[in-house]
Amino acid sequence: MKYGKYLTIAAFALALTSCLKDDDDNSDWRTLNDAYVAAAQIQEENGVKTFTEVKPVWAPDSYILMRWHNDREKTSGNLSPLDNSTVNVIYSVTDIKGNMIDNSYASTVYGDSIYQTQPCKNIVGFWAALTQMKVGDKTTVIVPYTAGYGTVDYGAIPAYSTLVYNIELRSIPAFQVNR
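Residues numbered from 1 in each chain as written. Predicted model: local features only at pLDDT ≥ 70, side-chain atom pairs only at ≥ 80, totals over all residues. Heavy atoms only, no water.

## Digging into the packing of aromatic side chains
All chains considered together, the criterion is met by eight aromatic pairs. Here Tyr115 and Phe126 contribute two aromatic rings whose centre-to-centre distance is 6.4 Å and whose plane-to-plane angle is 50 degrees, an arrangement assigned as tilted. Residue Tyr115 is located in strand 7 (residues 115-117), and its partner Phe126 is located in helix 4 (residues 124-132); the two are separated by 11 residues in the primary sequence. Looking at Phe126, the relative accessible area reads 2%, which means it is buried. Aromatic pair Phe126 and Tyr165: ring centres 4.9 Å apart, planes at 35 degrees, arrangement tilted. (Phe/Tyr/Trp six-rings, centres within 6.5 Å; stacked < 30°, edge-to-face > 60°. Helix = DSSP H or I, 4+ residues; strand = E, 2+ residues; numbered from the N terminus. Buried < 20%, exposed > 50% of the residue type's maximum accessible area, 1.4 Å probe, protein only.)

Shown next as structure tokens:
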């Protein structure tokens, strides 16, 4: 993958934040995460934006950035989950520095490293991504902290953390119907 502009901006942000004399680590981390998202928003390959901005209608102040790694024409006729559908996914999530936060291999219950969930039972960013996907889609999703865990620490995840997911929607074993 080519991350030319993206890496340059992130490196610049890292250098800038390392020069700051602010004792507030969250401020530096937030600046670095904001720069990462801003770089991804303008990243292009062959003159085409790499990531698509997705804003869920039910969370108008949130957005995520999605990149599909498969031919979407081949999955266009497949189901997309609703908010309360049961889905089987394979995923991994890292912070912007590539540090592993979690993956479906760690939470496997149903074998084959499958994570079974309902989109609405996850953070806004993961929920929004799943409902934009079709069975068979593979994506990279950048979740800004506003659609993730927000401005507070969540376990080992520092406040203001951007999350980078790799998601494969394997199946929808229980498709729910809107009423």
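## Overview of the pairing of strand 6 (residues 100-103)
As paired elements, strand 5 (residues 86-94) and strand 6 share three bridges and run antiparallel to each other. Pairing of Ser92 across the sheet is with Asn103, part of strand 6. The turn linking strand 5 back onto strand 6 is made up of five residues, and Gly98 within it adopts a positive phi angle of 90 degrees. (Pairing = 2+ DSSP bridges.)

## Quick word on the pattern of salt bridges
What the rule picks out here adds up to four salt bridges. The closest approach of N and O atoms between Glu45 and Arg67, which form a salt bridge, is 3.2 Å. In this pair, Glu45 is assigned in strand 1 (residues 44-45) and Arg67 in strand 4 (residues 64-68), connecting sequence segments 22 residues apart. One salt bridge in this structure joins Lys55 and Glu53, with 3.8 Å as the shortest N-O distance. Classification of Lys55 as exposed rests on a relative accessible area of 53%. Glu53 sits in the partly exposed class, given a relative accessible area of 41%. (Salt bridge = Lys/Arg side-chain N within 4 Å of Asp/Glu carboxyl O.)

## A look at the pairing of strand 4
Among the five residues of strand 4, five are classified as buried, and the element is accordingly described as predominantly covered. Of the two faces of strand 4, both are covered, the one formed by Ile64, Met66 and Trp68 as well as the one formed by Leu65 and Arg67. Examined bridge by bridge, strand 3 (residues 52-54) and strand 4 share three bridges and lie antiparallel to one another. In the strand pairing of strand 4, Glu53 is matched with Leu65.

## Digging into the nonpolar core
Core analysis: the largest hydrophobic core is formed by 23 residues, its most contacted members being Ile64, Tyr165 and Ile167. When residues of this core are traced back to their parent elements, those giving at least two are strand 4, strand 5, helix 4, strand 8 (138-143) and strand 9 (163-174). Here this core gets five residues from one element, more than from any other, and that element is strand 9. Sequence-distant contacts of Tyr165, defined by excluding residues within four places in its chain, comprise Tyr91, Ser92, Val93, Ile123, Phe126, Thr139, Thr140, Val141 and Val143. Counting 14 residues, the second largest nonpolar core, distinct from the first, contains Trp29, Leu32, Tyr36 and Leu65. (Core = buried A, V, L, I, M, F, W, Y, C linked by side-chain atoms within 4.5 Å. Contact = heavy atoms within 4.5 Å.)

## Points about unusual backbone geometry
In terms of backbone geometry, most residues other than glycine have negative phi values and most peptide bonds are trans. Of note, the phi angle at Asn46 is positive, near 55 degrees, even though the residue is not glycine. Along the chain, the position of Asn46 falls in the loop between strand 1 and strand 2 (48-49). With a relative accessible area of 79%, Asn46 lands in the exposed category. Positive phi, normally seen in glycine, also occurs at Tyr160, with a value near 70 degrees. As for its position among the elements, Tyr160 is in the loop between strand 8 and strand 9. Classification of Tyr160 as buried rests on a relative accessible area of 15%.

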